[in-house]
Amino acid sequence: MQNRREFLKQASLLLAGGLVAPQLLTSCGGKGASSAASETAKKHIGLQLYSLRDDINDLGIQKVLEIVSKMGYVNLETAGYSDDGKIYGLDPAEFKKICNDLGMKPTSAHLSHFIGDDMNKDLAWWNAAIEAHKKAGMKYMVMPVSPINEKASMDDLKRYFSDYFYQIGLAAAGAGIKFGYHNHDYEFKQIEGQTIYDLMLENSSPDHIFFEMDVYWVKRGGKYLKKYPNRFPVLHIKDETAIGASGTIDFKPIFEQAYANGMKDWYVEVERYDGTPQEDVQKSYDFLNNAAYVK
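Calculation criteria
Residues numbered from 1 in each chain as written. Predicted model: local features only at pLDDT ≥ 70, side-chain atom pairs only at ≥ 80, totals over all residues. Heavy atoms only, no water. Helix = DSSP H or I, 4+ residues; strand = E, 2+ residues; numbered from the N terminus. Contact = heavy atoms within 4.5 Å. Areas by Shrake-Rupley, 256 points an atom, 1.4 Å probe, with all protein chains shown as cover. Buried < 20%, exposed > 50% of the residue type's maximum accessible area, 1.4 Å probe, protein only. Pairing = 2+ DSSP bridges. Salt bridge = Lys/Arg side-chain N within 4 Å of Asp/Glu carboxyl O. Axes fitted to C-alpha atoms, helices over the stretch in contact; angles between N-to-C directions. Phe/Tyr/Trp six-rings, centres within 6.5 Å; stacked < 30°, edge-to-face > 60°. Lys NZ or Arg CZ within 6 Å of the ring centre and 35° of its normal. Core = buried A, V, L, I, M, F, W, Y, C linked by side-chain atoms within 4.5 Å.

## Things to note about the overall build of the protein chain
Here comes step 1: Across its full length, the protein chain holds eleven helices and ten strands.
Here comes step 2: Sequence separation of at least 24 residues holds for 75% of the intrachain contacts in the protein chain that already meet a minimum separation of 6.
Here comes step 3: Looking at the protein chain as shown, the accessible area adds up to about 13,300 Å², and 50% of this sits on carbon and sulfur atoms.

Dropping the structure here:
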């Protein structure tokens, strides 16, 4: 097994041959097909497309994107990257164009690849993924899960967050993309008497790894937003079902603190439903669009 020094040396050489020229990405926003998602949209409301995962399977991505555009969403976070380099079965540039033509921008992506027996091969996978998402115009790439839980060791955690994620973040930065990690609930268990989420934050490079806070799983996100104001440029806004339906999460102080920290992007995610997925995704948009604290 490679030790940490050998891994970093080999990984740096691998990535140096790939993405070395930083450049800022812009996506050419086309005019939307519907008035709700046109340039007159007043609020910066994004959607994680996983919220409509069954509809994507049943209706196809083109139809779902048309539906989302009519709802009023303007930014999209994907969860449909495959090893062939396609996003929801489409060439990344084609996916970007479809979104732009509907008045939306794909700005973030969820995708994951764990460490296997050959770390350099794993990093090569990320190089290809970064190139694909660069073509799609993404600002962020987010790892939505990790194998680090209460059964892991500190060495396991450091191997991922200090080493592996650092190298991915370095490569992504070379393409003008930020690399981040999205939490669930198991990160709030402990390793050696310390909360895993805190250990993740403290053992990762602030310059190369950001955290996309899922406010439903964190619940009291204010603690982290205040303690680590520069680590959460992106949020997942989530509730039991549709946003605001449970009445158990006070979103106002979350938004206020996040905006104070400089947050620019955030995405609605609906995992469970009271009505149909489309109904709850629309209700979530309406709730946030009517909230005075949402910009």
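Let us keep going from here.
## As for the environment of Ala175
Here comes step 1: With respect to the helices and strands, the residue Ala175 is situated in the loop between helix H6 (154-174) and strand E5 (178-182).
Here comes step 2: On the basis of relative accessibility, which here comes to 0%, the residue Ala175 falls in the buried class.
Here comes step 3: As a C-alpha pair, Ala175 and Lys135 span 40 residues in sequence and 10.0 Å in three-dimensional space.

## So, the pairing of E5
Here comes step 1: Most of E5 is tucked away: four of the five residues are buried.
Here comes step 2: Sheet topology places strand E4 (residues 140-143) next to E5; four bridges connect them, and they run parallel. Counted as the bridge partner of Val142 is Gly180 from E5.
Here comes step 3: Pairing of E5 with strand E8 (residues 210-214), which is carried by three bridges, proceeds in the parallel orientation.

## So, the pattern of salt bridges
Here comes step 1: Per the stated rule, a full pass over the model turns up nine salt bridges.
Here comes step 2: Note that Glu240 is salt-bridged to Arg272, the shortest N-O span being 2.4 Å. Taken together, the residues span a long stretch of sequence, with Glu240 in the loop between strand E9 (234-237) and helix H10 (251-260) and Arg272 in the loop between strand E10 (265-268) and helix H11 (277-289) at a distance of 32 residues.
Here comes step 3: Using a relative accessible area of 29% as the deciding quantity, one classes Glu240 as partly exposed.
Here comes step 4: Residue Arg272 is classed as partly exposed on the basis of its relative accessible area of 47%.
Here comes step 5: Counted as one network, the salt bridges with shared partners bring together Asp214, Lys238, Glu269 and Glu271.

## Topic: the sheet that holds E10
Here comes step 1: An order of E1-E2-E3-E4-E5-E8-E9-E10 is seen for the eight strands of this closed barrel, with the pairing classed as parallel. Adjacent strand axes in the sheet meet at a mean angle of 30° when their direction is disregarded.
Here comes step 2: Across the sheet, H6 is in contact with E4, E5 and E8; its angle to E5 comes to roughly 140°.

## Concerning the pairing of E8
Note on strand geometry: in a regular strand, side chains alternate between the two faces of the sheet.
Here comes step 1: Along E8, five of the five residues are buried, which leaves the element largely enclosed by surrounding structure.
Here comes step 2: Side-chain alternation along E8 places Phe210, Glu212 and Asp214 on one buried face and Phe211 and Met213 on a second face that is also buried.
Here comes step 3: Pairing between E8 and E9: three bridges, direction parallel. When the bridges of E9 are listed, Asp214 appears paired with His236.

## Examining the packing of aromatic side chains
Here comes step 1: With the rule as written, the count across this model stands at 28 aromatic pairs.
Here comes step 2: Here Trp126 and Phe179 contribute two aromatic rings whose centre-to-centre distance is 5.5 Å and whose plane-to-plane angle is 80°, an arrangement assigned as edge-to-face. With Trp126 in helix H5 (residues 119-135) and Phe179 in strand E5, this residue pair connects regions lying 53 residues apart in the sequence.
Here comes step 3: A relative accessible area of 1% means that Phe179 is categorised as buried.
Here comes step 4: Above the face of the Tyr50 ring, Arg53 is positioned so that its terminal group lies 4.1 Å from the ring centre.
Here comes step 5: The ring of Tyr259 carries the charged tip of Lys295 above its face, separated from the ring centre by 4.5 Å.

## Regarding unusual backbone geometry
Here comes step 1: A positive phi is found at Tyr88, a non-glycine position, where the angle reads about 55°.
Here comes step 2: Examined against the element boundaries, Tyr88 turns out to sit in the loop between strand E2 (75-78) and helix H4 (92-101).

## Here we look at the nonpolar core
Here comes step 1: Leu49, Leu65, Phe165, Phe232, Leu235, Phe255 and Trp266 are the most contacted members of the largest nonpolar core, which totals 87 residues.
Here comes step 2: Of all the elements, H6 adds the most residues to this core, at nine residues.
Here comes step 3: In this structure, Leu65 is in contact with Leu49, Leu76, Phe95, Ile98, Cys99, Leu102 and Met104, ignoring residues within four places of it in sequence.
Here comes step 4: Core analysis: the second largest hydrophobic core is formed by five residues, Tyr140, Val142, Val234 and Tyr267 among them.

## Considering the side chain of Ser51
Here comes step 1: Locating Ser51 in the fold gives a position in the loop between strand E1 (46-48) and helix H2 (53-59).
Here comes step 2: Ignoring any residue separated from it by four or fewer positions in sequence, one finds Ser51 in contact with Val268, Glu269, Val270, Tyr273, Pro277 and Val281.

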